[in-house]
Amino acid sequence: MKLTICWLYGTTMNIYGDRGNVLALAQRCRWRGIDAEVVTLGVGEPLEPGRYDLFFWGGGQDREQIPVAEDIRGPKGEVLRAEVEDGAPLLAVCGGYQLLGAFYRPHDGPELPGIGLFDAWTIAGDERFIGNVVVDSDEFGEVVGFENHSGRTHLGPTARPLGRVRIGHGNNGSDGTEGCRYRNAIGCYLHGALLPKNPAIADFLIGAALRRRYGEVALPPLDDALEAAARAAAVRRALATR
Ligand code: GLN
């Protein structure tokens, strides 16, 4: 079997270790004998319907989000929405997450329209939220990451969060939520990279991609002792630095 991973804006929106998510997805496929191809799709490059099995969109600074927001508007964003509506798995972190909501209003500069995949919107605050994060997710258990964002994301009535913040700020530092879930799409503020220390989320994305492409496929478990140890170390660090 083969999965094709679309790394959206990989050369312009890729900060705080986000490329590690793509590496983890590809490697967790290969460890299971599943071929994985990573295709980076940049500004001005068309998104071909049906070509990709899984989408990843990393974080970026406000200035990098401006041309990307322009690029994802219209047909490209519509194709991405249709893929997710069709069950395609997607992970978006921070700047990518923000542009999948209704809009991102930076502290300075124009309001950036999103594609409205998530029932959410983001407005930048005066203080940046920076630090280690621990989230309790009903779906994925304990989730760890690192946040660095000025945006405060608020969830609309149809949105459900990835989880509840145990340590850190999360979506907006006030309602206790972190991230957003819609069908097989996950948005969050968790850099780090997220997936190497949170393999349950990586395998959720891989499993959803395999089911969509090949029907029901059993995903053999991997020995995640090292990943669990890394997550435990991240929780200890978050406790020590809060
Ligand atoms: N520029 C956005 C913000 O500051 C996203 C930052 C990021 O992707 N880490 O909120």
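Each remark here, short or long, concerns the structure printed above.
Conventions we followed
Residues numbered from 1 in each chain as written. Predicted model: local features only at pLDDT ≥ 70, side-chain atom pairs only at ≥ 80, totals over all residues. Heavy atoms only, no water. Helix = DSSP H or I, 4+ residues; strand = E, 2+ residues; numbered from the N terminus. Rg over C-alpha atoms; globule rule 2.2 N^0.38 Å. Buried < 20%, exposed > 50% of the residue type's maximum accessible area, 1.4 Å probe, protein only. Disulfide = S-S within 2.5 Å. Expected span 1.5 Å × (residues − 1). Arc of directions from axis to C-beta. Contact = heavy atoms within 4.5 Å. Near = heavy atom within 4 Å. Polar contact = N/O pair within 3.5 Å; in protein donor to acceptor, adjacent residues only side chain to side chain. Areas by Shrake-Rupley, 256 points an atom, 1.4 Å probe, with all protein chains shown as cover. Nonpolar A, V, L, I, M, F, W, Y, C, P; charged D, E, K, R; others polar.

Chemist: So what's going on with the overall build of the protein? Which residues, and what values?
Modeler: From N to C terminus, the protein includes seven helices and twelve strands. Here the C-alpha atoms of the protein give a radius of gyration of 17 Å, agreeing with the 18 Å that 2.2 N^0.38 yields for 242 residues. Over its C-alpha atoms, taken along the principal directions, the protein stretches across nearly 45 × 45 × 30 Å. Out of the 242 residues in the protein, the part that is buried amounts to 55%.

Chemist: With reference to specific residues and values, describe the state of the cysteines.
Modeler: Applying the stated rule across the entire model yields zero disulfides. For the unlinked cysteine Cys188, the closest cysteine sulfur is that of Cys94, found at 8.7 Å. The class for Cys188 is buried, based on a relative accessible area of 0%.

Chemist: Provide a residue-level description of helix α7 (residues 225-241), including the pertinent values.
Modeler: For α7, which comprises 17 residues, the first-to-last C-alpha distance of 24 Å matches the rise-based estimate of 24 Å (1.5 Å per residue) to within 8%. Restricting attention to buried positions, one finds in α7 the residues Glu227, Arg231, Ala234, Val235 and Ala238. All buried residues of α7 project into a common sector of 100° when viewed along the axis, lining one side. Turned more than 90 degrees away from the buried face of α7, the exposed residues are Leu226, Arg236 and Ala240. Where α7 is buried, its residues touch α1 (19-30), β7 (120-137), β8 (141-155), β9 (163-167), α5 (194-197) and α6 (199-214).

Chemist: Quick one: what's the story with the site of the ligand, residue by residue and with numbers?
Modeler: Neighbouring residues of the ligand: 17 residues in total, closest Gly60, Asp62, Gln65, Cys94 and Gly151. The backbone of Gly60 places a nitrogen or oxygen atom 2.9 Å from an oxygen atom of the ligand. Notes on the ligand: free accessible area 290 Å², of which the protein chains cover 100%. Counting residues per element, the ones that place at least two in the shell around the ligand are α2 (62-72), α4 (95-98) and β8. It is β8 that contributes the most residues to the shell around the ligand, four residues altogether. The residue makeup of the shell around the ligand, split by class, is four nonpolar, eleven polar and two charged.

That is the geometry; function is a separate question.
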